[in-house]
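# Topology and contacts: notes
Given next are the chains, with one letter for each unit.
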Amino acid sequence: MGAQNYAEQIAVRTPQALKAASALDWGFRRLDIRSLRSELAGNRRLPIARVARAPERVRRAIGRALYAGDRVTHRTSLELPPAPEGDCVTLHDVIAWRFADESAPVAAAQSELRRAAAVICVSEFTANEAYDLLGLTNLHVAHNGVESRFFHATPFDAHALARYGITQPFVLHAGGASARKNLDALAVAWPRVRRERPDLQLVLSGPPHPRREYLFRRLTGTVIVGHVPNDDVPGLVAAANAVVVPSLYEGFGLPVLEAMAAGVPVVAAATSSIPEVAGDAAILVEPTGAGIAQGLLDAVSSDDAVADLVRAGKTRASEFTWERSALEHARVWASIGS
């Protein structure tokens, strides 16, 4: 998932970023804190769900024990308890406060964010939302990056695509199916696209969700592939004729960058953080059925402008590196820990 990938990308680059950002001889330790039942490797175990629901005083006590002796602590998840000093925390978005069908916010999160030494937001949009909705002022922006493997991705061949039931040129949507993902509008758009381009399939990947099944299972030319293994993602993205991101709200919108890096045209809603990430290198549309349909038809046309857009997309994506993001993080850590 996006937040887990973010944490990994920043963590592995932290030692080098600290050297580049500060003249201080900083030490670094990595805590991989997992839930008691998690199958993922970790060096600390906590009842994460209970910690997330715990009163603030209990969370502070757990934090004092976890981070004892640390000058700066960076929490990549709001579920984790706060550090007693030098508490820096990532805020990917304010979706939990904005949308009732998403996971509820951690009860103590808003007050802990206000007390934190620094809050790192992944986009200017998220920082503005944090200021307007949560009243935060201790904000810093460090954009996410895109993995280099997308720039060099080899498109899946017909045999690999057939394993997913993909037998025609296709448009790809990857992600969740909550209301903000705007799959309703994509479902309205698709029949028009299919009427004009019956050679196209719509491929939908992401965790199983009843909304996705309800909206698309009966539509002609759709393939629901479920969760795609991480190693398969670049090849699947690179094989697409277009990637569609119709979301009403994104804190960043990593699928936009991944598609651009892979040389695939992007059709995305002109909402929230998406224009900030896409710049002029994607087809930005109104988040309606009509807007999305026209954008997709334009993207899969043979117009020379689409090739220009793809070239611009690769250039745009190359500006968003995890090395730059880690360096921006390290500069914030140095400012609060010096």
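Check the entry above for the structure.
Keep in mind the model is a prediction, meaning the values are calculated, not measured.

### Looking at the pairing of strand 9 (residues 222-226)
Burial of strand 9 is extensive: five of the five residues sit out of reach of the surface. Looking at chain direction, strand 8 (residues 201-205) and strand 9 are connected through four bridges and run parallel. By the bridge assignment, valine 203 is partnered in strand 9 with valine 223. Following the chain from strand 8 across helix 9 (residues 210-216) to the adjacent parallel strand 9, one finds a crossover that is right-handed.

### Focus on the sheet that holds strand 6 (residues 139-141)
Hydrogen bonding along the main chain pairs the strands of a sheet, whether they run parallel or antiparallel. What the four strands build is an open sheet, ordered 3-4-5-6; its pairing is parallel. In the strand order of this sheet, the two ends are held by strand 3 (73-75) and strand 6, each with one partner. The mean angle between the axes of side-by-side strands here comes to 25°, regardless of whether they run parallel or antiparallel. Relative to strand 6, strand 5 (residues 118-121) runs parallel, the two sharing three bridges. Looking across to strand 6, one finds that valine 119 is bridged to leucine 139. Most of the contacts of helix 6 (residues 124-134) go to strand 6, to which it runs at about 165°, and overall it touches strand 4 (87-91), strand 5 and strand 6.

### A short note on the pattern of salt bridges
Under the criterion given, the structure shown has 20 salt bridges. Among the ionic pairs, arginine 60 bridges to glutamate 56, the shortest N-O distance being 3.7 Å. Residue arginine 60 and its partner glutamate 56 are located together in helix 3 (residues 56-66), separated by four residues, close to a single helical turn. A salt bridge links arginine 197 to aspartate 199; its shortest N-O distance comes to 2.8 Å. According to the relative accessible area criterion, arginine 197 is partly exposed, its value standing at 22%. Given a relative accessible area of 30%, aspartate 199 falls into the partly exposed group.

### Quick look at the packing of aromatic side chains
Describing an aromatic ring pair means giving the distance of the ring centres and the angle of the ring planes. Evaluated as defined, the whole model comprises four aromatic pairs. When the centroid spacing of 5.2 Å and the interplanar angle of 65° are considered together, the rings of phenylalanine 125 and tyrosine 249 count as edge-to-face. Residue phenylalanine 125 is located in helix 6, and its partner tyrosine 249 is located in the loop between strand 10 (242-245) and helix 11 (254-261); the two are separated by 124 residues in the primary sequence. Between the aromatic rings of phenylalanine 252 and phenylalanine 320, the centroid separation amounts to 6.2 Å while the plane-to-plane angle is 70°, which identifies the pairing as edge-to-face.

### Observations regarding the packing of helix 8 (residues 183-196) against helix 13 (residues 289-299)
Where helix 8 meets helix 13, the axes come as close as 8 Å, and the angle between the chain directions of the two elements is 40°. Taken together, the axes of helix 8 and helix 13 are oblique relative to one another. The way helix 8 lies across helix 13 gives a crossing that is right-handed. In this structure, helix 8 uses Ala185, Leu186, Val188, Ala189, Arg192, Val193 and Glu196 to contact helix 13, whose residues at the interface are Gly289, Ala290, Ile292, Ala293, Gln294, Leu296 and Leu297. For the contact of helix 8 with helix 13, the class distribution of residues is 10 nonpolar, two polar and two charged.

### Let's talk about the nonpolar core
Ranked by internal contacts, the top residues of the largest apolar core, which has 40 residues, are Phe170, Leu172, Leu236, Val243, Val256 and Leu257. At the level of secondary structure, the elements contributing two or more residues to this core comprise helix 7 (158-162), strand 7 (170-174), strand 9, helix 10 (233-239), strand 10, helix 11, strand 11 (266-269) and helix 12 (274-278). Here this core gets six residues from one element, more than from any other, and that element is helix 11. Setting aside its immediate chain neighbours within four residues, phenylalanine 170 contacts Leu161, Leu200, Gln201, Val203, Leu236, Ala239, Ala240, Asn241 and Ala242. Of all hydrophobic cores here, the second largest spans 27 residues; its members include Val171, Ala185, Leu215 and Leu297.

### Quick word on the sheet that holds strand 8
The strand order 9-8-7-10-11-12 describes an open sheet built from six strands, whose pairing is parallel. Strands at the two margins of the open sheet, each flanked by one partner only, are strand 9 and strand 12 (283-285). The mean inter-strand angle of the sheet, taken between neighbouring strand axes irrespective of direction, is 20°. Relative to the sheet, helix 8 contacts strand 7, strand 8, strand 9 and strand 10, its axis offset from that of strand 8 by approximately 160°.

### Focus on unusual backbone geometry
Of note, the phi angle at asparagine 182 is positive, near 65°, even though the residue is not glycine. Assignment of secondary structure puts asparagine 182 in the loop between strand 7 and helix 8. The backbone of serine 272 sits at a positive phi, close to 45°, despite the residue not being glycine. The residue serine 272 is located in the loop between strand 11 and helix 12 in this model. Serine 272 sits in the partly exposed class, given a relative accessible area of 21%.

### With respect to helix 13
In terms of residue burial, helix 13 counts as a mostly covered element, since eight of its 11 residues are buried. Taken as a whole, helix 13 has its buried residues at Gly289, Gly291, Ile292, Ala293, Gly295, Leu296, Leu297 and Ala299.

The rules we used
Residues numbered from 1 in each chain as written. Predicted model: local features only at pLDDT ≥ 70, side-chain atom pairs only at ≥ 80, totals over all residues. Heavy atoms only, no water. Buried < 20%, exposed > 50% of the residue type's maximum accessible area, 1.4 Å probe, protein only. Helix = DSSP H or I, 4+ residues; strand = E, 2+ residues; numbered from the N terminus. Pairing = 2+ DSSP bridges. Right-handed = clockwise from strand over helix to strand, strands pointing away. Axes fitted to C-alpha atoms, helices over the stretch in contact; angles between N-to-C directions. Contact = heavy atoms within 4.5 Å. Salt bridge = Lys/Arg side-chain N within 4 Å of Asp/Glu carboxyl O. Phe/Tyr/Trp six-rings, centres within 6.5 Å; stacked < 30°, edge-to-face > 60°. Parallel < 35°, antiparallel > 145°, perpendicular 65-115°, else oblique. Left-handed = near helix turned anticlockwise from the far one by under 90°. Nonpolar A, V, L, I, M, F, W, Y, C, P; charged D, E, K, R; others polar. Core = buried A, V, L, I, M, F, W, Y, C linked by side-chain atoms within 4.5 Å.

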